[in-house]
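Secondary and tertiary structure notes
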Amino acid sequence: MKLKKKSVVKPWGQFDLPKLFGGKSKKQIGEIWFEPPEAISLGLMIKYLFTSEKLSIQVHPNDRFARRQGLPHGKEECWYVLDAKPDAVLGIGLVKDVSPTKLRTAAMLGEIEQLVDWKPVQAGDFFYIPAGTIHAIGPGISLVEVQQNVDITYRLYDYGRPRELHLDDGIAVANRSGYDMSYHQQVDPSQSSVLVDGPHFRVFHVVGDGFDELTHVAATEWQVVPLEGRVKVRDLDIAASECGVCPRITDIDLSKNVRSIIACNMK
């Protein structure tokens, strides 16, 4: 199945999109989602993000907390950076351990920006973002995000934008310390690799027509986003900038000229 592409206008989005998405846009596009038909529910969502300003400083809950809110599960996600301006940064984790009171005060006074660990990034950087990680995406970045498909975000700070903050829940779920850099890797565009091997989902960077690690994973939901070239998903042609979904990895026909992000839901 080829998923429907949806462009989402955001105040922090970009007018100059990659050529795959048409280049110049009359609207400020921040996200491009891939959505299934209404009757189908997917465990994962893959989307592109394009930023011209900082996104809110936010955090997502784990399964236990989310279920107490009546949701099926929490939210973990990961980012593969496609392009970044020379001064681009991602905010991931804090520069030091803080108490809940200190975090709340910093968020209310606008000082939380100084607590966030802003990491320089470049194309090929990959970061896994466990639930509870305080994070933000800076300006001048294009990336692919793979996430658990649930709408739950707690904003801690939004640079004065008129949107609701969620300090009580956000502080309750936040890991108030630094980021574990073992979740980061620099992806070699010429090599296949495992990007995430987690309990919620797995993500692979696949170059060419095969990657043995894929064949050992038992999952019933697979999504593929070609970064370069085209793939066949159950005989449907999926081009770069598109997303296909299928129940078996054997439904994805890779070619030697394709480079893809492939993700599978483990729940």
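Let us look at the structure shown here. Here the residue numbers are simple positions, counted from 1 along each chain's written sequence. Local features in this predicted model are restricted to residues of pLDDT 70 or higher, and side-chain atom pairs are both shown and tallied only at a pLDDT of 80 or more, whereas totals for entire chains, interfaces and linings draw on every residue. Excluding hydrogens and water, the side-chain figures rest on all heavy atoms present in the structure.

1. Thoughts on the layout of surface pockets
Once rolled over the atoms, a probe with the size of a water molecule shows which space is left empty. The condition is simple: Grid points spaced at 1 Å and placed over the protein atoms alone form the basis of the search, with a cavity being a set where a 1.4 Å probe fits but cannot get out and a pocket an open set showing protein on both sides within 12 Å along at least five of seven lines. Lining residues have an atom within 4 Å of a point. Grid points are joined across faces, edges and corners, and a volume is the space filled by probe spheres set on the points. In this count, Pro and Cys sit with the nonpolar residues alongside Ala, Val, Leu, Ile, Met, Phe, Trp and Tyr, while Asp, Glu, Lys and Arg are called charged and the others, Gly among them, polar.
Approximately 550 Å³ is the volume found for the largest pocket. Every residue lining the largest pocket is counted, 25 residues in all, and those nearest its centre are Glu31, Lys47, Lys75, Asp151 and Thr153. Of the residues belonging to the lining of the largest pocket, the class tally is 9 nonpolar, 7 polar and 9 charged. In this structure, the second largest pocket encloses a volume near 180 Å³.

2. What about the side chain of histidine 60?
As a reminder of what qualifies: Secondary structure elements follow DSSP: runs of H or I of four or more residues count as helices, runs of E of two or more count as strands, with numbering from the N terminus. Partly exposed describes any residue whose relative accessible area lies between the buried limit of under 20% and the exposed limit of over 50%, with all areas from a 1.4 Å probe on protein chains only and scaled to the type maximum. Counting of polar contacts relies on pairs of N or O atoms within 3.5 Å, with two restrictions inside protein: one atom must be capable of donating a hydrogen and the other of accepting it, and residues adjacent in sequence are counted only when both atoms are side-chain atoms. Contacts between residues were defined by any pair of non-hydrogen atoms, one from each residue, lying within 4.5 Å.
Tracing the sequence through the fold places histidine 60 in the loop between strand E4 (57–59) and helix H1 (63–68). A residue is classified by how much of its surface remains accessible, and histidine 60, at 2% relative accessible area, is buried. Within polar-contact distance, the side chain of histidine 60 engages the side chain of glutamate 77 at 3.3 Å. When neighbours within four sequence positions are excluded, histidine 60 is seen to be in contact with Lys75, Glu77, Ala131, Gly132, His135, Ile152, Thr153 and Val173.

3. Points about the pattern of salt bridges
The following threshold applies: Any Lys or Arg side-chain nitrogen found within 4 Å of a carboxyl oxygen on Asp or Glu counts as a salt bridge.
Counted by the stated rule, this structure contains 16 salt bridges. The shortest N-O distance in the salt bridge between glutamate 53 and arginine 161 comes to 3.3 Å. Taken together, the residues span a long stretch of sequence, with glutamate 53 in the loop between strand E3 (44–51) and E4 and arginine 161 in the loop between strand E11 (154–157) and helix H4 (167–173) at a distance of 108 residues. Given the relative accessible area of 36%, glutamate 53 is considered partly exposed. A relative accessible area of 19% means that arginine 161 is categorised as buried. One salt bridge connects lysine 54 with glutamate 113, and the closest N-O pair in it is separated by 2.8 Å. Of the two residues, lysine 54 is situated in the loop between E3 and E4 and glutamate 113 in helix H3 (residues 112–115); the sequence distance between them amounts to 59 residues. Each member of the salt-bridge network shares a partner with another, and the members are Glu53, Asp158, Arg161 and Arg163.

4. Some remarks on the sheet that holds strand E15 (residues 222–228)
Test applied: One bridge is not enough; two strands pair if DSSP finds at least two bridges between them. Where helices are involved, their axes are fitted lines through C-alpha atoms of the stretch in contact, as for all axes, and angles between N-to-C directions lie from 0 to 180°.
Spatially, 5 strands are ordered E13-E14-E20-E15-E18 in an open sheet, and the strand pairing comes out antiparallel. Of all strands in the sheet, those bounded by a partner on one side alone are strand E13 (193–197) and strand E18 (244–246). Averaged over all adjacent pairs, the angle separating strand axes in this sheet is 20 degrees, with direction ignored.

5. Observations concerning helix H2 (residues 100–109)
As a reminder, the rule being used: To obtain the arc, one takes the directions from the helix axis to the C-beta atoms.
When we look at burial in H2, the residues that qualify are Leu103, Ala106 and Ala107. For H2, the angular spread of buried residues about the axis comes to 100 degrees, placing them on one side. Exposed residues on H2 whose side chains face more than 90 degrees from its buried face are Thr101, Met108 and Leu109. Summarising the contacts, the buried residues of H2 are in contact with H3, E11 and H4.

6. Description of the sheet that holds strand E12 (residues 184–186)
The strand order E1-E2-E3-E10-E5-E8-E12 describes an open sheet built from 7 strands, whose pairing is antiparallel. Each edge of the open sheet is held by one strand with a lone partner, namely strand E1 (4–16) and E12. Pairwise comparison of adjacent strand axes, ignoring direction, gives a mean angle of 25 degrees for this sheet.

7. Quick notes on the pairing of strand E5 (residues 77–84)
Among the 8 residues in E5, 6 count as buried, and that is most of the element. Of the strand pairs in this sheet, E5 and strand E8 (residues 125–129) are connected by 4 bridges, and their pairing is antiparallel. Within E8, the position partnered with glutamate 77 by the bridge is isoleucine 129. In this sheet, strand E10 (residues 141–148) lies alongside E5 in antiparallel orientation, the contact comprising 7 bridges. Considered in E10, the bridge of valine 81 is made with leucine 143.

8. Points about the nonpolar core
As a reminder of what qualifies: Residues belong to a common nonpolar core when they are buried Ala, Val, Leu, Ile, Met, Phe, Trp, Tyr or Cys residues joined through side-chain atoms within 4.5 Å.
Core analysis: the largest hydrophobic core is formed by 28 residues, its most contacted members being Tyr48, Cys78, Phe126, Val146, Val196, Phe201 and Val203. Sorting elements by how many residues they give to this core places E3 first, with 4 residues. In this structure tyrosine 48 touches Phe21, Gly30, Glu31, Ile32, Phe34, Leu82, Leu143, Val144, Val225, Pro226, Leu227 and Ser241, once residues within four positions along its chain are discounted.

9. So, the environment of phenylalanine 50
Positionally, phenylalanine 50 belongs in strand E3. Linking phenylalanine 50 and lysine 102, residues 52 residues apart in sequence, is a C-alpha distance of 32 Å.

10. Quick notes on the pairing of E10
Among the 8 residues of E10, 8 are classified as buried, and the element is accordingly described as predominantly covered. Because side chains alternate across E10, one face comprises the buried residues Ile141, Leu143, Glu145 and Gln147, and the other comprises Ser142, Val144, Val146 and Gln148, equally buried. One ladder, built from 8 bridges, connects E3 with E10; its direction is antiparallel. Counted as the bridge partner of tyrosine 48 is valine 144 from E10.

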